[in-house]
Structures are given as structure tokens and as C-alpha cells.
Amino acid sequence: DSGVTQTPKHLITATGQRVTLRCSPRSGDLSVYWYQQSLDQGLQFLIQYYNGEERAKGNILERFSAQQFPDLHSELNLSSLELGDSALYFCASSVTDKETQYFGPGTRLLVL
Amino acid sequence: GNSVTQMEGPVTLSEEAFLTINCTYTATGYPSLFWYVQYPGEGLQLLLKATKADDKGSNKGFEATYRKETTSFHLEKGSVQVSDSAVYFCALSDRGNYGQNFVFGPGTRLSVLP
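The structure reproduced in this document is the subject of the present report. This structure is a prediction, so every number in the text was calculated from the model and none was measured. (Residues numbered from 1 in each chain as written. Chains lettered and ligands numbered in written order. Predicted model: local features only at pLDDT ≥ 70, side-chain atom pairs only at ≥ 80, totals over all residues. Heavy atoms only, no water.)

1. Some remarks on the pattern of salt bridges
Working step 1: Considering all chains together, one arrives at seven salt bridges over all chains under this definition.
Working step 2: Residues Lys56(B) and Glu63(B) are paired through a salt bridge, measuring 3.6 Å at the closest nitrogen-oxygen approach.
Working step 3: Put simply, Lys77(B) and Asp84(B) hold a salt bridge, and the shortest N to O gap is 2.7 Å. The residues Lys77(B) and Asp84(B) share a single accessibility class, namely buried.
Working step 4: A single salt-bridge network, built from bridges that share partners, covers Arg63(A), Glu82(A) and Asp85(A). (Salt bridge = Lys/Arg side-chain N within 4 Å of Asp/Glu carboxyl O. Buried < 20%, exposed > 50% of the residue type's maximum accessible area, 1.4 Å probe, protein only.)

2. Looking at the interface of chain B and chain A
Working step 1: If you look at the interface, chain B gives 14 residues, while chain A gives 19 residues.
Working step 2: For the interface between chain B and chain A, the tally reads zero salt bridges.
Working step 3: Remark: the boundary between chain B and chain A carries three residue pairs in polar contact (both at pLDDT 80 or more).
Working step 4: Listed by contribution, the elements that provide at least two residues to the side of chain B that touches chain A are β5 (32-38), β6 (44-50), β10 (86-96) and β11 (99-104) of chain B.
Working step 5: Of all the elements, β11(B) adds the most residues to the side of chain B that touches chain A, at four residues.
Working step 6: Residue classes in the side of chain B that touches chain A are distributed as seven nonpolar, four polar and three charged. (Contact = heavy atoms within 4.5 Å. Polar contact = N/O pair within 3.5 Å; in protein donor to acceptor, adjacent residues only side chain to side chain. Helix = DSSP H or I, 4+ residues; strand = E, 2+ residues; numbered from the N terminus. Nonpolar A, V, L, I, M, F, W, Y, C, P; charged D, E, K, R; others polar.)

3. Some words on a nonpolar patch on the surface
Residues and elements named next belong to chain A.
Working step 1: Together, Ile12, Leu110 and Leu112 line one region of the surface with nonpolar side chains, adding up to about 310 Å² of accessible area.
Working step 2: Along the chain, the position of Ile12 falls in strand β2 (residues 10-13).
Working step 3: Its relative accessible area of 60% is what places Ile12 among the exposed residues. (Patch = residues over 30% accessible without salt bridge, like charges linked within 9 Å, V, L, I, M, F, W, Y side chains within 5 Å. Areas by Shrake-Rupley, 256 points an atom, 1.4 Å probe, with all protein chains shown as cover.)

4. Some points on the packing of aromatic side chains
Working step 1: Tallying each qualifying case throughout the model produces 13 aromatic pairs over all chains.
Working step 2: Feature note: the residues Tyr33(A), Tyr35(A), Phe45(A), Phe90(A), Phe103(A), Phe34(B), Tyr36(B), Phe102(B) and Phe104(B) constitute an aromatic cluster, connected by ring pairs. (Phe/Tyr/Trp six-rings, centres within 6.5 Å; stacked < 30°, edge-to-face > 60°.)

5. Some remarks on the sheet that holds strand β1 (residues 5-7) of chain A
Residues and elements named next belong to chain A.
Working step 1: Judged by pairing direction, the sheet is antiparallel, and its four strands sit side by side in the order β1-β3-β8-β7 without closing on themselves. Edge positions in the open sheet fall to β1 and β7 (64-68), since each of these has one partner strand only. Taking each pair of neighbouring strands and ignoring which way they run, the sheet shows an average axis angle of 15°.
Working step 2: In terms of strand pairing, β1 meets strand β3 (residues 19-24) through three bridges, oriented antiparallel. By the bridge assignment for β3, Thr7 is matched with Arg22. (Pairing = 2+ DSSP bridges. Axes fitted to C-alpha atoms, helices over the stretch in contact; angles between N-to-C directions.)

6. Some points on the sheet that holds strand β3 (residues 19-21) of chain B
Strand-to-strand pairing in sheets goes through backbone hydrogen bonds, with the strands running parallel or antiparallel.
Residues and elements named next belong to chain B.
Working step 1: One open sheet holds the four strands; their spatial order is β3-β9-β8-β7, and the pairing between them is antiparallel. Strands with a single pairing partner mark the edges of an open sheet, and in this sheet they are β3 and β7 (56-59). Along the sheet, successive strands turn relative to each other by an average axial angle of 15°, direction set aside.

7. Points about the state of the cysteines
Working step 1: On inspection of all chains with the given rule, the structure shows two disulfides over all chains.
Working step 2: Between the sulfur of Cys23(A) and that of Cys91(A) lies a disulfide, 1.8 Å long from S to S. The chirality of the disulfide connecting Cys23(A) with Cys91(A) is left-handed, given an S-S dihedral of about -50°. A residue pair is termed long-range when its members are at least 10 positions apart, and Cys23(A) in strand β3 and Cys91(A) in strand β9 (residues 87-94) qualify at 68 residues. Both residues of the pair, Cys23(A) and Cys91(A), belong to the buried class.
Working step 3: A sulfur-sulfur separation of 1.9 Å characterises the disulfide bridge that pairs Cys23(B) with Cys90(B). Measuring handedness by torsion sign, the sulfur bridge of Cys23(B) and Cys90(B) sits at about -65° and is left-handed. (Disulfide = S-S within 2.5 Å.)

8. Digging into empty space enclosed by the protein
Any space left empty among the atoms is revealed by the rolling of a water-sized probe across them.
Working step 1: Scanning all chains against the criterion turns up one cavity of 30 Å³ or more.
Working step 2: Together, 11 residues line the largest cavity, and Gln101(A), Phe34(B), Tyr36(B), Ser93(B) and Phe102(B) are the ones closest to its centre.
Working step 3: Residue assignment for the lining of the largest cavity shows that the elements contributing at least two residues are β5, β10 and β11 of chain B.
Working step 4: Looking at the lining of the largest cavity, its residues break down into seven nonpolar, two polar and two charged. (1 Å grid on protein atoms, 1.4 Å probe; cavity = no way out; pocket = protein on both sides within 12 Å on 5 of 7 lines; lining within 4 Å. Points joined across faces, edges and corners; volume = space filled by probe spheres on them.)

Set out below in C-alpha cells:
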């Protein structure tokens, strides 16, 4: 158990819908990262937050957004969902943005 | 931009065989290098890391040495076990123009047969 929690574990929704994925980092970690893992694209870095502020951006679509709240938990919002958004979404956290990342168990999203 | 290349899998070995999974990288700066492991149905776990050239990361019998001259970070283990069956990801972390950049390789699936 890494100490990073993600909810929900599974999510099934329809195209065009909007969903919110939630991540709670390890106690004391200030940095949160979001990744998408799909069969054809592998593990893709989406976005990083550090102490409430956006710190780095990867291959995140404009339909996706994220934020980190004062209590340091983070949410990833996915809107106008497409079939291709079906994937595992991982959250990771670290003490600072230079330290080892610890991954949560992931949220499996299925868009039908 | 930064990139990580790993050997294609799947890799299938017999128990107690020697393991090498090749990883090479391209980076503009001086990245930190990592190996992560993903067991079935789980998230990624850090296996080992190295933060500067010639550093050797090691954990659970796995080793990897940061080779700047060959831009490589190959993963090795002298004697694999069935429990090592998993997907292994090589990754780098580098400071770019906009914060840290994190790049993962495509992953190499390892199957160890008893």
C-alpha cells in the first residue's frame, strides 16, 4: 500500500459525459501527478500540481482539467468523453517535485 | 523532447535465469532515472532510481547503473523468481522549461516460468 488513495476504482459512463476522479496523496506529500495508461499509448504523464499550483503539463487534452485543493487532494475532470478516453488513470504523489513518486491503485474508466 | 526507449517484450525466462531489460533515454538536461514495476492489477511501484551519472540503484536483487556516455539505464537481476513476473517501466525526470518533465518508457512485460 503506497498511501495514495484513488476513488472510484471503476467507472463506467457514456460518450459525451463528464466524470471526476479523485486522489488523496500520501500524508506530507505536496506534489500530485496524474497519468493515463492505455494499451495503445502506454503510460502518459498528464499534469502535476505542487502545493495547490499547476507545476508541469504533459499530454493533457483540453477536455481534461485538474486542480489541487488546500487539503492537497486532487481531482481530475474529464469532459465530453470519447471511447478513446477509456483507460487506467493513475495518481501519484511525492514530497516535492524532485522526489520519488508513489502511485495509487488507479481508476479504471470505461467509456461506452 | 525527452524520451525513453525500452526493449520490446514480452520477455519470458525460466526461474533462476539472468535478466536484462535495456533502457536508453534522450534528455536535454541531466535527468534522474527510475525503474518502476507494475504487478497485475496494481499501480506502479518504484523499484530503484539513480540521480546522477555512474550512480547504481539497487533493490530486491535488481540493479541498474546510470551510464551518461551511453545514455542507458539497463535493469539486471542475477536470478529471477516467478514472483518477479510483472511489467517494468523505465522512466526519467528532468527539469524542463515548465517544471519537471516525466517520461515513461512503454514498459516491458516479464514472465518467469517455474
